[in-house]
Number of protein chains: 2
Amino acid sequence: MLLKVKSLGLMAGRPVAILHAETARKLNVHIDERVNITSKRGEIISVVDTAKGMLDKNSIVLSGEIIDYLQIRNNENVEVSVAGETRSAHYIREKIKGIELNKEKIKAIISDIVSNKLTEAEIAYFVAAEYINRMSMKEIEYLVESIVSTGRTLGIKNRIIADKHSIGGISGNRTTPLVVPICSAAGLMMPKTSSRAITSAAGTADSVEAIAKVEFSVDEIRNIVKKVNACMVWGGALGLAPADDKIIQVERLLNLDPEAQLLASIISKKVSAGSTHVVIDIPCGKSAKFTREEGKALGEKFSQIGRKFGLKIKTIITEGDEPIGNGIGPLLEMRDIISVLRQEEKRPLDLERKSLMLSAEILELTGTARKGRGYELAEKLLRSKVAWTKFKEIIKAQKGNADKKLNLAEYYWDVKSPRDGRIIEINNKSINAVARISGCPADKAAGIYLYKHCNENVIKNEKILTIYSESPQKLESAKKLFNKIQPVTIK
Amino acid sequence: MLLKVKSLGLMAGRPVAILHAETARKLNVHIDERVNITSKRGEIISVVDTAKGMLDKNSIVLSGEIIDYLQIRNNENVEVSVAGETRSAHYIREKIKGIELNKEKIKAIISDIVSNKLTEAEIAYFVAAEYINRMSMKEIEYLVESIVSTGRTLGIKNRIIADKHSIGGISGNRTTPLVVPICSAAGLMMPKTSSRAITSAAGTADSVEAIAKVEFSVDEIRNIVKKVNACMVWGGALGLAPADDKIIQVERLLNLDPEAQLLASIISKKVSAGSTHVVIDIPCGKSAKFTREEGKALGEKFSQIGRKFGLKIKTIITEGDEPIGNGIGPLLEMRDIISVLRQEEKRPLDLERKSLMLSAEILELTGTARKGRGYELAEKLLRSKVAWTKFKEIIKAQKGNADKKLNLAEYYWDVKSPRDGRIIEINNKSINAVARISGCPADKAAGIYLYKHCNENVIKNEKILTIYSESPQKLESAKKLFNKIQPVTIK
């Protein structure tokens, strides 16, 4: 049926088409069922709402998600037809029942997620089945293949393309903006795409955004990498792994992270980015996602899946007992990074050491440094400020300014030690929660600055940390939460 | 924030509020997040969409689901505020991780489902966890309690209120319209609420609707029962178990039916209806939902949970290897029922026998007949046509006419035996699928009429069944599907 599009600027978070109730009846389609919308520029599947008062029988209201995807103009005609049944719901049911899925079935599920044939609820069933019934290595391999084949690639080719990934959950663990300039200063090509914060105080993309642009098109990214051999951009809107992007949206509802999806998500993005050598940082410890044993088992799976796709992967188990660095929050973390690159006296040495170690692993994995000599090379590039120069180059290519003054937030509250003692725990999850309430990641200057780390002594009334906020209300909420959940334990 | 309601006749299948993009920004609420909508008549939680072109900054478009619930008039003002965080998502996450939930947690989940605080995807996570991780008897008990306490009751009180339930999946298993008149003719009060077809060709409500009204308010139902001591109505819109109604919507997506939810769903509806004595028919067999062993284990659970709520439950394992009766489809099944009540010569004797047996169990369970004498009493009421008189009374009270002429559908196709042989299987699922394609349950006269049952001999070219349809296109599709999946096996 040919219907005239009315664009009312509707945004629904998913493709939604509003049909006149009469028209829906004629098409024999019901609320919450699915229709194909076809324009000159392609096809998309949409959920159906109906209405009587906002359109006539020959019109259709399309949500912005559809208008953008099909580049539809107001009053343009589109063809609307009932979407056929999908087999993939049946395959998800099989997985819920504990049946192992073959390649064709996983491919059907992933491509139906991308083309919007499956609802969020159906995707939730899939995630739950992945989580509870787990997936075999074969299934994870098919997942990666399907996610890659339904996405775009960066289209950058080189004999060696280096990459790194840190598993999330550790506050302040902002090593990427140090590792990328160090390694690319050593001559490595490193087109790094990162995420924004999902449940943490800041993602790498949020931090870099404090001083430069991070949203670019694939073409623009290729140009940046051509110019400076590296980049530090947001990967979210590039469409490298659109199935994974949708699955992550559904995972967020319960903050679930099935191992199979974690593996597939990371490996597929590396494959789509064209990476050849990847170092993966798996922080383990008390308030981290994994214990050391779990981390080691996960590391082996990374290597095994990576091999199937021609990736050289080295996984490193790192300390995840407490936050890394002093700053937590986009701007506070960027201040830490710049102080390390500038080799200022009061720079956070734990962040520096970890970044040097990860850089060393990349330099050795790619053969840029001989076995056992990576750290030395990384340290030389950092101390000589060659890495700082490289960083400024990259930031400039991303239309930013590394020398920009980074002002702290106006409102703050100092947390002081109630007594003499020793700090025995700084809980990552609780620190993250307080930083988010203070305004992170949307308020770039909000967050927490730590003066102390675990195993350090404090005396009564000594400052342990400061909470920064851009509004007095948010500061008040952060104070309240801090006092309630007590992220720092002193003995 | 006070906003003026614009009702544009939007129906979205769930409560949706469209805010002007600017207003959403001011409220600090994003697409797909939730707001409280408060009017003079109550409060509801709604999902947020945003728009620019269909409303101004001081207006809000509410979907019909909200308008109806809060009885809002056009241009009325409502208070809109951001909905707080819910703990229940966290509890669902615990269940996914395999943790047993206590009473408070299950209560929180169920009441958040009813008040729309949880999305369909979050409910899907809960259903998946119920299915894969199963639930303890304690958890199921809490489920029943929570579902009942968040719903309405029929408000009918009597020393004995009899009820029955047949687990679905068996084509033509339409015993309720026979059991209800037989038992109420014996003096029992039997206010029976039934469902419409979800995945089958017809539900009891669909069949009864072929000759009477089935949609009544709770008050109207009470009046019917006062008058004739029984009813056969649709339970779907009465709000007896609104949490279960929403969960069933999500289960349908994958056609999943976790045992815990099946138990809780049936028991909670019986409790809300005020039932005291319940017979549950569990068909077991080849193409039924359960094997005999599974059926027996399920039956014990029914009795155990029922006891907690003061219900006397008797479960009966019945034959589920093939369809019951001859007609499959709302009108064809009603013809079977009436031919049994009228004691016509060509009535389906398997349906008669099963209905007499279930009636006997109810008569004995309630003490209306002595142990071992229930069948005799039921048979007497049927043969003497006292049950037929009672049936006509009930149908009349439901504004119907039991003597209405029930015309078969105009288009039909006879399936004949390709050779001499014996029928060894009639698959319930396949027969259902063909009946649905032929137009069931929306087209009341569509469906299948069986001339033969399992273990009967056929000769070449003898009619096995006829497919009826109200349109030649649907008949064609049904023919195609029949030939593809071959629901009848002859050896």
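Residues numbered from 1 in each chain as written. Chains lettered and ligands numbered in written order. Predicted model: local features only at pLDDT ≥ 70, side-chain atom pairs only at ≥ 80, totals over all residues. Heavy atoms only, no water.

In this section: the overall build of chain A. Looking only at helices and strands, chain A features 18 helices and 18 strands. Radius of gyration (C-alpha) of chain A: 25 Å, near the 23 Å computed for a compact globule of 491 residues. Once the C-alpha set of chain A is aligned to its principal axes, its extents read approximately 75 × 50 × 45 Å. Counting every position in chain A, which comprises 491 residues, the buried fraction comes to 57%. Within chain A, contacts between residues at least 6 apart in sequence are counted, and of these 79% link residues at least 24 apart. Of the roughly 20,400 Å² that chain A leaves accessible, carbon and sulfur atoms contribute 47%. (Helix = DSSP H or I, 4+ residues; strand = E, 2+ residues; numbered from the N terminus. Rg over C-alpha atoms; globule rule 2.2 N^0.38 Å. Buried < 20%, exposed > 50% of the residue type's maximum accessible area, 1.4 Å probe, protein only. Contact = heavy atoms within 4.5 Å. Areas by Shrake-Rupley, 256 points an atom, 1.4 Å probe, with all protein chains shown as cover.)

On the side of chain A, 39 residues touch chain B, which itself brings 39 residues to the contact. Roughly 3,400 Å² is buried in total at the junction of chain B and chain A, and carbon and sulfur atoms are behind 65% of that figure. When the buried area of chain B at its contact with chain A is split by residue, Tyr125(B), Ile132(B) and Leu254(B) rank highest and sum to 21% of it. Taken together, the links from chain B to chain A amount to zero salt bridges. Connecting chain B to chain A are 16 residue pairs in polar contact (both at pLDDT 80 or more). Among the elements of the structure, β4 (42–51), α3 (88–96), α5 (120–133) and α10 (242–254) of chain B are those that each provide at least two residues to the side of chain B that touches chain A. (Buried area = accessible area lost by both parts, 1.4 Å probe. Salt bridge = Lys/Arg side-chain N within 4 Å of Asp/Glu carboxyl O. Polar contact = N/O pair within 3.5 Å; in protein donor to acceptor, adjacent residues only side chain to side chain.)

Residues and elements named next belong to chain A. The strand order across the open sheet built from four strands is β12-β15-β17-β13, with neighbouring strands paired in antiparallel fashion. The open sheet has two edge strands, β12 (327–328) and β13 (411–416), and neither has a second partner. When β12 meets strand β15 (residues 447–450), the two strands line up antiparallel, connected through two bridges. Considered in β15, the bridge of Ile328 is made with Ile448. Those strands touched by helix α17 (residues 428–437) are β12, β15 and β17 (463–469), and its axis lies near 130° from that of β15. Helix α18 (residues 472–485) rests against β13 and β17 of the sheet, and its axis sits at about 20° to β13. (Pairing = 2+ DSSP bridges. Axes fitted to C-alpha atoms, helices over the stretch in contact; angles between N-to-C directions.)

Further remarks concern the relation of the copies chain B and chain A. Mapping chain B onto chain A calls for a rotation angle of 180° and an axial translation of 0.1 Å; the resulting RMSD is 0.1 Å. Between the two chains, the operation in question is that of a two-fold axis. Distance from the rotation axis, computed per C-alpha, reaches its smallest value in chain B at Ala121(B): 1.9 Å. When the interface residues of chain B are mapped onto chain A, 100% of them again fall at the interface, so both copies present the same face. (Least-squares fit on C-alpha atoms with pLDDT ≥ 70 in both.)

All names here are of chain A. Ordered by their spatial adjacency, three strands build an open sheet running β7-β10-β11, and the pairing between neighbours is parallel. Across the chains shown, the open sheet's two edge strands, defined by having one partner strand only, are β7 (162–166) and β11 (312–319). The sheet shows a mean angle of 20° between the axes of neighbouring strands, taken without regard to direction. Across the sheet, helix α14 (residues 349–365) lies against β7, β10 (277–284) and β11, angled at about 145° from β10, the strand it touches most.

Moving on to the pattern of salt bridges. All names here are of chain A. Going through the model one piece at a time under the given rule, you end up with 68 salt bridges over all chains. Among the salt bridges present, the one from Lys117 reaches Asp112, with a minimum N-O distance of 3.8 Å. By relative accessible area, Lys117 is classed as partly exposed at 32%. A salt bridge links Asp163 to Lys270; the nearest nitrogen and oxygen atoms lie 3.4 Å apart. A residue pair is termed long-range when its members are at least 10 positions apart, and Asp163 in strand β7 and Lys270 in helix α11 (residues 259–272) qualify at 107 residues. Exposure class is identical for Asp163 and Lys270. Each is buried. Within this structure, Arg196, Asp206, Glu209, Glu215 and Lys444 form a network of salt bridges that share partners.

Here we take up the nonpolar core. Counting 98 residues, the largest nonpolar core has Tyr125(A), Phe302(A), Tyr125(B) and Phe302(B) as the members making the most contacts within it. The residues contacting Phe302(A), other than those within four sequence positions of it, are Ile167(A), Leu263(A), Ile266(A), Ile267(A), Ile280(A), Ile282(A), Ile313(A) and Thr315(A). Counting residues in hydrophobic clusters, the runner-up holds 64 residues, among them Val225(B), Val228(B), Ala369(B) and Phe391(B). (Core = buried A, V, L, I, M, F, W, Y, C linked by side-chain atoms within 4.5 Å.)

So, about the confidence of the model for chain A. Mean pLDDT over chain A stands at 94; residues scoring 70 or higher make up 100%. Scored as a complex, the prediction yields pTM 0.87 and ipTM 0.86. (pLDDT = per-residue confidence, 0-100.)

With that settled, the discussion passes to the domain arrangement of chain A. Residue and element names in this part refer to chain A. Domain boundaries in chain A define domain 1 (2–82), domain 2 (88–133), domain 3 (162–239 + 261–397) and domain 4 (411–490). On a C-alpha basis, the centres of domain 3 and domain 4 stand 26 Å from each other. Facing the 29 residues of domain 3 at the interface are 22 residues of domain 4. Interface area for domain 3 against domain 4, summed over the two sides, is near 2,000 Å², with a carbon-plus-sulfur share of 51%. Summed over the three residues of domain 3 that lose the most area to domain 4, namely Ser287, Glu322 and Asn326, the buried surface amounts to 26% of that side. Inspection of the region where domain 3 meets domain 4 yields one salt bridge. One salt bridge in this structure joins Lys444 and Glu209, with 2.9 Å as the shortest N-O distance. For the interface between domain 3 and domain 4, the tally reads 15 residue pairs in polar contact (both at pLDDT 80 or more). If you list the elements that add at least two residues to the side of domain 3 that touches domain 4, you get β12 and α13 (330–341). For the side of domain 3 that touches domain 4, the element with the most residues is α13, which contributes four residues. (Domains from an automatic or database assignment.)

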